[in-house]
Amino acid sequence: MDRIKTMKAPARPIRRATLHHSAVEELRAMILDGELPPGVRVPEVQLCEQLGISRTPLREALRVLSSEGLVELRPHRGAIVAPVDPGEIGAIFEVMDALERLAGTLACRNGSDAEFAKLDRMHDQLVTQHEAGERAAYFLTNRQIHTQIVAMARNPALEATYAGFAAKILRARSLANYDTGRWQESVDEHEAFMTAFRRRDAEEAGALLADHSRRTAVAVIQALRPAAAQGEKVEAGAEPMDAG
């Protein structure tokens, strides 16, 4: 248990009406926030006490997270937080570059004036959150902006494909702490592609979104390599799952 240094204060017990859903949400947040780092054994007893639940709903939640690729269920070892492979993330980002370019191009052609106005408001909110140093709120708004652009493309196949890859990159980004310089660069890149959107310049908007994705990939992978190496060390030393 001592490998987990930053567990939250004990949470209020989860009401049975939402037991399964809430357990999934709590555990997912712990993984994405880095409280349960890559490669660490999931401490079932500790989590049951913290969340006020029994082993059954906890293990049901772990099966859901396993289907999302966040947890690995291993024979005789229980649940392990899935390691992050920078090489795999890099390959996904290569696909995301193309998806971002296509989304930007199609959004310019198919988005409505109301949707572009909404996108502008979201961008203003993003800038305000950056200036205030509200990192968590910033990343939430950032994800919403990219999701809005994809929705404006009016292409269901693109939207479904993007959502699947974005979920994997979300975890990678959550493990990567950008320095202040990269954060400012990211805001500047957002301003650049928003300028192209305001002109409805499909080619430039797509190119700038793809470039933004590539630059983000470099920052994420550089930050992930030490985290992945640490995860491998933790995994190698992980103890077997407690019985029960």
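Conventions we followed
- Residues numbered from 1 in each chain as written.
- Predicted model: local features only at pLDDT ≥ 70, side-chain atom pairs only at ≥ 80, totals over all residues.
- Heavy atoms only, no water.
- Pairing = 2+ DSSP bridges.
- Helix = DSSP H or I, 4+ residues; strand = E, 2+ residues; numbered from the N terminus.
- Buried < 20%, exposed > 50% of the residue type's maximum accessible area, 1.4 Å probe, protein only.
- Salt bridge = Lys/Arg side-chain N within 4 Å of Asp/Glu carboxyl O.
- Phe/Tyr/Trp six-rings, centres within 6.5 Å; stacked < 30°, edge-to-face > 60°.
- Lys NZ or Arg CZ within 6 Å of the ring centre and 35° of its normal.

Q: An account of the pairing of strand β2 (residues 78-81) is requested, with residue identities and associated values reported.
A: Relative to β2, strand β1 (residues 71-74) is paired through four bridges, and the arrangement is antiparallel. Residue R74 lies in a different strand from β2, and its bridge partner there is G78. Counting the residues in the hairpin turn of β1 and β2 gives three residues, including H76, whose phi is positive at 70 degrees.

Q: Explain unusual backbone geometry to me, and be specific about the residues and the numbers.
A: The phi torsion of most residues other than glycine is negative, and most of the peptide bonds are trans. Phi angles above zero are rare outside glycine, and R154 is one such case at about 60 degrees. The topology assignment puts R154 in the loop between α6 (135-152) and α7 (156-175). For R154, a relative accessible area of 46% gives the class partly exposed. Phi at R200 takes a positive value of approximately 60 degrees, unusual for a residue other than glycine. Mapped onto the secondary structure, R200 falls in the loop between α8 (180-198) and α9 (202-236). Judged by its relative accessible area of 34%, R200 falls in the partly exposed class.

Q: With reference to specific residues and values, describe the pattern of salt bridges.
A: Oppositely charged side chains can form a pair if their charged atoms are brought close together. Overall, the coordinates contain 17 salt bridges when judged by the stated rule. Notably, a salt bridge pairs E44 with R55, separated by 3.2 Å at the nearest N-O pair. Linking E44 in helix α2 (residues 44-51) with R55 in helix α3 (residues 55-67), this pair joins segments that are 11 residues apart in sequence. In this pair, the class of E44 matches that of R55, namely buried. Residue E204 is joined to R199 by a salt bridge in which the shortest nitrogen-to-oxygen separation is 2.3 Å. With relative accessibility at 32%, the residue E204 sits in the partly exposed group.

Q: Can you break down the packing of aromatic side chains residue by residue, with the values?
A: In the structure shown here, the tally under the stated rule is four aromatic pairs. Centre to centre, the rings of F193 and F197 are 6.1 Å apart; their planes meet at 85 degrees, and the pair counts as edge-to-face. Of this pair, F193 and F197 both sit in helix α8, four residues apart, roughly one helical turn. Classification of F193 as buried rests on a relative accessible area of 0%. An aromatic cluster is present here, built from F116, F193 and F197 joined pairwise through their rings. R135 extends its terminal NZ or CZ atom over the ring of W183, reaching a point 4.2 Å from the ring centre. Directly above the aromatic system of F116 lies the positively charged group of R200, at a separation of 3.6 Å from the ring centroid.

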